[in-house]
Amino acid sequence: MERSELLNRIKSRMPEKRYIHTIGVMETAIQLAELYGADVKAAETAAILHDVAKYADEDWMENIVKEHGLDSRLLNWGPEILHGPVGAWIAEHEFHISNEDILNAIRFHTTGRAGMSKLEKIIYIADMIEPNRSFDGVEKLRNKAQQDLNQAMCACIRHSIAFLVHTKQPIFPDSIECYNHYYK
């Protein structure tokens, strides 16, 4: 599916601000894919679809998890965690994406996981550093992303976990495994 068709199909699923974020993630992912020798078209596709389920109904997403045998640990974690794996399910079943690397990049773009592929890291990082992000420390993360993909992944997962700890939110087990993987 071409970029324009994908963008047209996701635009109605999200507010304008999230659509602008998606464009930023796409542009950042393409740039990182070019820099690190990854499949640019796969990065573009995963970036466009990464938040396809972000605004889906939470009960509906939980039903998708139950009915289609997705990771049962996802239940009761809310839309922030659910939208990645359910987004991968939508990408596969509605957008007919069969590339497992693209699906995993969508699936784990919020939590990360141990042993991420290059594409998975690119989407995780691009989601965090796209040009519309403005949190403290984002420039340092952007600079790391231009220097070393693995170091950038380490810094991004550390930032994400620190944010969750600071805001007293629970941390999904895959995120902890991701952190431990990159700090061994």
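Bear in mind the structure is a predicted one, so any value in this text is a computation, not a measurement.

**Q** Break down the packing of aromatic side chains for me, with residues and values.
**A** Under the definition given, this model contains three aromatic pairs. Seen from their ring centres, Trp60 and Trp89 are 6.5 Å apart, and the 75 degrees between their planes marks the pair as edge-to-face. Pair noted here: Trp60 is in helix 4 (residues 58-67) and Trp89 is in helix 5 (residues 79-93), with a separation of 29 residues, a long-range link. Accessibility expressed as a relative area gives 36% for Trp60, which makes it partly exposed. Assessed through its relative accessible area of 17%, Trp89 is described here as buried. Above the ring of Phe95, the side-chain terminus of Arg9 is found at 4.2 Å from the ring centroid.

**Q** Let's hear about the pattern of salt bridges: which residues, and what values?
**A** Taken as a whole, this structure holds 12 salt bridges when the rule is applied. Linking Lys41 and Glu44 is a salt bridge whose minimum nitrogen-to-oxygen distance equals 3.0 Å. One end of the pair is Lys41 and the other is Glu44, both in helix 3 (residues 40-49) and three residues apart, which spans about a single turn. Judged by its relative accessible area of 36%, Lys41 is partly exposed. Residue classification places Glu44 among the buried positions, given a relative accessible area of 7%. In this structure, Glu100 and Arg107 form a salt bridge, with 3.4 Å as the shortest nitrogen-oxygen distance. Overall, Arg107 belongs to the partly exposed group, its relative accessible area being 21%. Each of the salt bridges in this network shares a partner with another, and the network as a whole consists of Arg3, Lys41 and Glu44.

**Q** Help me get a handle on the environment of Arg13, residues and values and all.
**A** Within the secondary structure layout, Arg13 lies in the loop between helix 1 (3-11) and helix 2 (16-36). Apart from residues lying up to four places away in sequence, Arg13 is in contact with Val52, Tyr55, Ile90, Glu94 and Phe95.

**Q** So, the side chain of Glu62: which residues are in play, and what are the values?
**A** Following the sequence through the fold, Glu62 ends up in helix 4. One buried charge, Glu62, has no salt-bridge partner; the nearest side chain with opposite charge is Lys66, at 4.9 Å. The contacts of Glu62, once residues within four sequence positions are left out, are Leu75, Asn76 and Leu82.

**Q** Outline the state of the cysteines, supporting the account with residue identities and numerical values.
**A** Per the counting criterion, the structure on display carries zero disulfides. Between Cys154, a free cysteine, and Cys178, which holds the nearest cysteine sulfur, the sulfur-to-sulfur gap is 8.2 Å. On the basis of relative accessible area, Cys154 is assigned to the buried category, the value being 14%.

**Q** I'd love a proper account of helix 7 (residues 118-129), names of residues and values included.
**A** Between the first and last C-alpha of helix 7 there are 16 Å, a value that for 12 residues agrees with the 16 Å anticipated at 1.5 Å per step. Among the residues making up helix 7, those that are buried are Leu119, Glu120, Lys121, Ile122, Ile123, Tyr124, Ile125, Ala126, Asp127, Met128 and Ile129. In this fold, the buried residues of helix 7 make contact with helix 2, helix 3, helix 6 (100-107), helix 8 (138-147), helix 9 (149-166) and helix 10 (173-182).

**Q** Run through the packing of helix 1 against helix 3, naming residues and quoting values.
**A** Between helix 1 and helix 3, whose axes approach to 10 Å, the crossing angle comes to 10 degrees. Between helix 1 and helix 3, the crossing angle belongs to the class labelled roughly parallel. Residues Arg3, Leu6, Leu7 and Ile10 of helix 1 pack against Lys41, Glu44, Thr45, Ile48 and Leu49 of helix 3. Split by residue class, the contact of helix 1 with helix 3 holds five nonpolar, one polar and three charged.

About the cut-offs
Residues numbered from 1 in each chain as written. Predicted model: local features only at pLDDT ≥ 70, side-chain atom pairs only at ≥ 80, totals over all residues. Heavy atoms only, no water. Phe/Tyr/Trp six-rings, centres within 6.5 Å; stacked < 30°, edge-to-face > 60°. Helix = DSSP H or I, 4+ residues; strand = E, 2+ residues; numbered from the N terminus. Buried < 20%, exposed > 50% of the residue type's maximum accessible area, 1.4 Å probe, protein only. Lys NZ or Arg CZ within 6 Å of the ring centre and 35° of its normal. Salt bridge = Lys/Arg side-chain N within 4 Å of Asp/Glu carboxyl O. Contact = heavy atoms within 4.5 Å. Lys, Arg positive; Asp, Glu negative; His and termini not counted. Disulfide = S-S within 2.5 Å. Expected span 1.5 Å × (residues − 1). Axes fitted to C-alpha atoms, helices over the stretch in contact; angles between N-to-C directions. Parallel < 35°, antiparallel > 145°, perpendicular 65-115°, else oblique. Nonpolar A, V, L, I, M, F, W, Y, C, P; charged D, E, K, R; others polar.

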